[in-house]
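# Per-entry structural report
The chain contents come next:
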Amino acid sequence: MLVLSRKIGEVITIGNSIKITILSYDRGIVRVGIEAPKDIPVHRKEVYDRIIELNRQATQVTPEALRGSLGSLQQAPKSKETTPL
Amino acid sequence: MESTTPTATPMPVQTSAMSIRKLTTEQFGEILIEERFIFTFPNGLFGFEDLREFVIVRDERTEPVRWLLSVEHPELSFPVLSPYLLQRDYSAGKEYSDCQRYTPLVILTLGSGGATANMKAPILLDVQTQRGEQIIIPSDKYSTSYPLSVQQSR
């Protein structure tokens, strides 16, 4: 891992399209500004990890197990907003 | 528009026969799918980046929940639901607001407290291009574990 020391307001560039600015530091919290092209998603890692874990869990769900957990959804009248697929 | 070819080559005959594939799934038995209904996910799903082709499967047992089934690994499927059934004013973002084109779906999981929906990381199906992607909505507006038991309150 490359380790760099930066002061408030200083910038790190990654490639020629990503800029990371250190905005502030207060009581253990660093605020970072990130400029990146739209096609490079930027996420907090714990959110990203949680979504991967939820996707994995979703593959373990069976129709039989799920049908008992749908409650009133199953009697919901078909509305126009249900997916047309 | 095409360069003129010296010899008359017959146009390849476009067979109009539908391309149908048979998938053997664990959950739904053997199913037949039409290739034109396959959605291509260029980036896969988070944690499943190698899965590129999916179809939506209906199962009477779980309607209105449908199943996003991997064509390449038919043993893998994800229960999905229209987020509008949970939150009427749901929005995946301005760029996906064309509802003629984009259909959002949220993935469900089953925990000890019942089923929850991942409202923060919806799947967006583009019915114009038959492509799909899973996105993460950056704002804190939507939960990764929205309980189904509180649905229809709005």
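First, a word on what this report is: a plain description of the structure on this page. Being a predicted model, the structure only gives us computed values, none of them experimental. Residue indices follow the written sequence of each chain, beginning from 1 at its first position. As they are written, the chains are lettered A onward and the ligands numbered 1 onward, keeping that order. Per-residue local features of the predicted model are confined to residues with pLDDT of at least 70, and side-chain atom pairs are confined, for both listing and counting, to 80 or more; whole-chain, interface and lining totals are unaffected and use all residues.

Broken down by element type, chain B carries zero helices and ten strands. Only DSSP runs of H or I reaching four residues or more are called helices, and only runs of E reaching two or more are called strands; each is numbered from the N terminus. Ordered by position from N to C terminus, the α and β elements of chain B give β-β-β-β-β-β-β-β-β-β. Residue burial is a threshold on neighbouring C-beta atoms within 10 Å of the residue's own C-beta, all placed from the backbone, with 20 or more meaning buried, 12 or fewer meaning exposed, and counts in between meaning partly exposed. Classification of the 154 residues of chain B by burial places 33% in the buried group. Across chain B, the fraction of contacts at a sequence separation of at least 24, relative to all contacts at a separation of at least 6, is 41%. Throughout, a residue-residue contact means that the two C-beta atoms, derived from backbone geometry, are no farther apart than 7 Å.

Attention shifts here to the interface of chain B and chain A. In this complex, chain B contributes 35 residues to the contact, which on the side of chain A involves 30 residues. When residues of the side of chain B that touches chain A are traced back to their parent elements, those giving at least two are β6 (77-81), β7 (102-111) and β8 (114-126) of chain B. Broken down by element, the side of chain B that touches chain A gets its largest block of residues, six residues, from β7 of chain B. Charged means Asp, Glu, Lys or Arg here, nonpolar means Ala, Val, Leu, Ile, Met, Phe, Trp, Tyr, Cys or Pro, and polar covers whatever is left, Gly included. Of the residues that constitute the side of chain B that touches chain A, the class distribution is 19 nonpolar, 13 polar and three charged.

What follows is about the sheet that holds strand β1 (residues 11-14) of chain A. All names here are of chain A. In this description, strands pair whenever DSSP reports at least two bridges between them. One open sheet accounts for three strands, arranged β1-β2-β3; its pairing is antiparallel. The sheet is open, and its two edges are formed by β1 and β3 (29-35), each paired on a single side. Here the average twist between neighbouring strands, direction ignored, is 25 degrees. In this description, a line fitted to the C-alpha atoms serves as the axis of each element, helices being fitted only across the stretch in contact, and the angle between N-to-C directions of two axes falls anywhere from 0 to 180 degrees.

Right, let's talk about the pairing of β7 of chain B for a bit. All names here are of chain B. Of all the ten residues making up β7, seven are buried; the element is thus mostly covered by neighbouring parts of the structure. Where β6 and β7 come together, two bridges link them in antiparallel fashion. Residue pairing for β7: Leu81 is matched across the bridge by Val106. Pairing analysis gives nine bridges linking β7 to β8, with the strands arranged antiparallel. Note on β8: the bridge partner recorded for Thr103 is Leu125. Here β7 folds back onto β8, and the loop between the two strands holds two residues.

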